[in-house]
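What the coordinates show
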Amino acid sequence: MSVEITDLTPAERRVWEAFPLGEGVDFREDPDDDPAQGGSWGPERTLRAEVLRALLLDGPVRDGRIAGLKVWGARVTGRLDLKYGTVGHPVRLRQCHFEEAPDLYGAHIGALVLNDSVLPGLTAGSLRAEGVVRITCCRITGPVRLAGAKLSGAFFANAAQLGRPGETPEEPVLQLNHADVGTDVLAVGLVAHGRVHMNGATVAGQVNLNDAQLYAPGATALHAEVLAVGTDLHAMRLRTRGRVNLAGARIPRQLNLAHARLSNPGGQALRASSCVVGELWLRDAAPVEGAVNLRGAQLELLHVPPEVWPDRVRLDACSYRVLTPHLPAEQRLPLLEREELGYLPYPYEQLTTAYRTVGDEAAARTVQLAKLRRHRRTLPRYARLWGWVQDAAVGYGFRPMRAAAWLLVLLCTGTLAFALHRPPALKPSEAPAFNPLFYTLDLLLPIIDFGQEQAYAPRGWYQWLSYLLIATGWVLATTIAAGVTRSLNRQ
């Protein structure tokens with residue numbers, strides 16, 4: 001239906017005449033007018049959507065002027081239908097009240113600015129925008145559909161309020177799946193009562209969700225699988241009720257969740273499996289309520305204080321080069337006990353590597369010892385018994401000084417025993433003077449020969465004592481030598 005100039009209301013005529021000049025029309029009675037009350041606004045500030053459609057698709061232009069729609073504080077009746085249309089002008093409808101959700105599916109538009117407006121929804125899937133798309137401070141009760149959109153500029157949703165409080169609709173309240181954003185997605189302070197979808201989206205710059213609140217209890221609050229970001233994903237002070245799913249995401253710099261509060265009791269609070277991230281920060285975050293899944297993630301730096309980790313984690317095949325803050329191994333090891341799949345050697349090896357990267361060999365040995373002790377619990381009873389012996393004796397070889405202590409105990413025991421009961425000499429005329437200390441040393445240390453062992457032959461249980469000293473001496477001396485070799489190799 002074409003709209004003739006004579007059909008226009010006074011309010012529409014003001015907009016029609018301002019359009020070719022690129023001038024704005026402000027219908028507000030007060031700069032603080034609340035567009036939520038726009039349903040009661042009268043004809044003096046009411047615009048029919050069909051008039052706006054005709055103006056945008058085939059409105060008048062003037063040589064030497066840049067046409068554009070620029071309106072504040074209007075009530076828009078009917079559906080603004082620009083589906084598959086080409087709008088060569090910027091569209092700015094600020095602080096307006098829309099009775100029906102605009103339909104811009106497949107449209108080609110210069111820029112779209114709806115700041116501070118109230119809408120029942122926005123359909124703009126496959127939209128092509130040469131400039132920015134802004135829904136800053138908008139209140140939108142229905143879904144915002146931007147799936148497959150290609151935006152040359154940024155997408156702004158700062159302080160926008162999506163959905164209805166206390167409700168989790170079946171359809172996501174913000175849909176950016178497979179969208180292609182030429183610069184940034186800026187949604188600082190966004191409040192979403194429902195799911196936010198960014199699956200497969202490509203953002204050339206950063207995604208900023210600082211101070212955002214995403215509520216989808218029992219569902220996925222942020223669904224961003226295979227999200228590709230050019231720089232960072234900032235989500236400082238993020239508040240979520242529901243899962244944050246970043247599986248397969250590519251974030252070359254920071255995934256910053258500092259001071260965040262992630263909550264999804266009974267389910268996964270954070271899933272970042274198979275993602276590739278430069279730095280993952282959960283500094284000063286609240287303890288996560290729900291499981292954390294980092295299976296197969298590749299991280300350059302992981303900054304998560306021990307108290308932030310939940311009771312259930314998935315860390316199998318998760319790799320990181322640097323772990324901060326630097327803490328004693330005893331404070332990091334309890335996390336590995338929370339692995340949902342039970343004992344897995346890889347997380348221990350990864351933690352060992354992280355400590356060795358910063359040169360903390362003592363912590364690395366502590367982690368290796370903890371790994372062997374954890375593994376012992378998975379063994380049959382007889383193997384566990386032998387493991388206990390190895391642990392008590394030499395700490396599985398990672399406590400060489402414990403072997404030295406055992407050597408000292410055995411040396412004192414042997415010296416006392418053979419001092420009280422001197423073994424007979426094999427050739428009394430040729431035997432050197434008996435010395436119980438050096439005789440015991442001869443038995444304990446396989447590479448030392450003081451001539452005592454070959455000259456004297458104990459009998460009875462003293463012979464069995466000598467056998468015990470020889471066998472344990474070999475084991476303990478080898479353990480000490482291995483520990484010294486590791487220290488020299490590190491140096």
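Anyway, here's the lowdown on the structure attached to this text.

Moving on, we get to the pattern of salt bridges. Tallying each qualifying case throughout the model produces 21 salt bridges. Where Arg-139 meets Asp-34, a salt bridge forms, and the shortest distance between an N and an O atom there is 2.7 Å. Of this pair, Arg-139 sits in strand E12 (residues 139–140) while Asp-34 sits in the loop between strand E1 (25–26) and strand E2 (46–48), placing them 105 residues apart in sequence. For Arg-139, a relative accessible area of 28% translates into the label partly exposed. Residue classification places Asp-34 among the partly exposed residues on the basis of a relative accessible area of 33%. Put simply, Lys-83 and Asp-103 hold a salt bridge, and the shortest N to O gap is 3.6 Å.

This part takes up empty space enclosed by the protein. The final tally for this structure, using the stated rule, is six cavities of 30 Å³ or more. Within this model, the largest cavity holds a volume of roughly 120 Å³. In terms of lining residues, the largest cavity is bounded by Leu-302, Trp-309, Leu-315, Cys-318, Tyr-320, Leu-323, Arg-332, Leu-335, Leu-336, Pro-347 and Leu-351. Residue assignment for the lining of the largest cavity shows that the elements contributing at least two residues are strand E34 (319–324), helix H3 (329–336) and helix H4 (345–357).

What follows is about the packing of H4 against helix H5 (residues 361–376). Close contact between H4 and H5 brings their axes to 8 Å; oriented N to C, the two are set at 170°. What the angle tells us is that H4 and H5 run roughly antiparallel. Within the contact between the two elements, H4 uses Pro-345, Tyr-348, Glu-349, Leu-351, Thr-352, Tyr-355 and Arg-356 and H5 uses Glu-361, Ala-363, Ala-364, Val-367, Gln-368, Ala-370, Lys-371 and Arg-374. Across the contact of H4 with H5, the residue classes tally to eight nonpolar, two polar and five charged.

Within the secondary structure, Asp-316 is located in the loop between strand E33 (313–314) and E34. The exposure class of Asp-316 is buried, given its relative accessible area of 15%.

On the surface, a cluster of nonpolar side chains totalling about 460 Å² of accessible area is made up of Leu-437, Phe-438, Ile-447, Ile-448 and Phe-450. Here Phe-438 shows up in helix H8 (residues 436–444). The exposure class of Phe-438 is partly exposed, given its relative accessible area of 31%.

Moving on to the pairing of strand E32 (residues 298–303). Relative to E32, strand E30 (residues 276–281) runs parallel, the two sharing five bridges. Following the sheet pairing, Glu-279 is matched in E32 by Leu-301. In the sheet, E32 pairs with E34 via five bridges, with the strands oriented parallel. The partner of Leu-299 across the bridge, within E34, is Tyr-320.

Take the side chain of Thr-324 next. Mapped onto the secondary structure, Thr-324 falls in strand E34. At a separation of 2.9 Å, a polar atom in the side chain of Thr-324 contacts the side chain of His-303. Setting aside residues no more than four positions away along its own chain, Thr-324 makes contact with Leu-301, Leu-302, His-303, Val-304 and Arg-332.

Attention now goes to the environment of Ala-36. Relative to the assigned elements, Ala-36 resides in the loop between E1 and E2. Residue Ala-36 is classed as partly exposed on the basis of its relative accessible area, which comes to 37%. In contact with Ala-36, other than residues within four places in its own chain, are His-97, Val-118 and Arg-139.

Take Ile-251: it is sitting in strand E28 (residues 250–256). Counting along the chain gives 48 residues from Ile-251 to Leu-299, while the straight-line C-alpha distance between them is 9.8 Å. Every residue in contact with Ile-251, bar those within four places of it in the chain, is listed here: Val-229, Thr-231, Asp-232, Leu-233, Val-276, Val-277 and Gly-278.

Taken together, the side chains of Glu-29, Asp-30, Asp-32 and Glu-44 make up a negatively charged region of the molecular surface. On the basis of relative accessible area, Glu-29 is assigned to the exposed category, the value being 67%.

How each quantity is defined
- Residues numbered from 1 in each chain as written.
- Predicted model: local features only at pLDDT ≥ 70, side-chain atom pairs only at ≥ 80, totals over all residues.
- Heavy atoms only, no water.
- Salt bridge = Lys/Arg side-chain N within 4 Å of Asp/Glu carboxyl O.
- Helix = DSSP H or I, 4+ residues; strand = E, 2+ residues; numbered from the N terminus.
- Buried < 20%, exposed > 50% of the residue type's maximum accessible area, 1.4 Å probe, protein only.
- 1 Å grid on protein atoms, 1.4 Å probe; cavity = no way out; pocket = protein on both sides within 12 Å on 5 of 7 lines; lining within 4 Å.
- Points joined across faces, edges and corners; volume = space filled by probe spheres on them.
- Axes fitted to C-alpha atoms, helices over the stretch in contact; angles between N-to-C directions.
- Parallel < 35°, antiparallel > 145°, perpendicular 65-115°, else oblique.
- Contact = heavy atoms within 4.5 Å.
- Nonpolar A, V, L, I, M, F, W, Y, C, P; charged D, E, K, R; others polar.
- Patch = residues over 30% accessible without salt bridge, like charges linked within 9 Å, V, L, I, M, F, W, Y side chains within 5 Å.
- Areas by Shrake-Rupley, 256 points an atom, 1.4 Å probe, with all protein chains shown as cover.
- Pairing = 2+ DSSP bridges.
- Polar contact = N/O pair within 3.5 Å; in protein donor to acceptor, adjacent residues only side chain to side chain.
- Lys, Arg positive; Asp, Glu negative; His and termini not counted.
- Charge placed at Lys NZ, Arg CZ, Asp CG, Glu CD.

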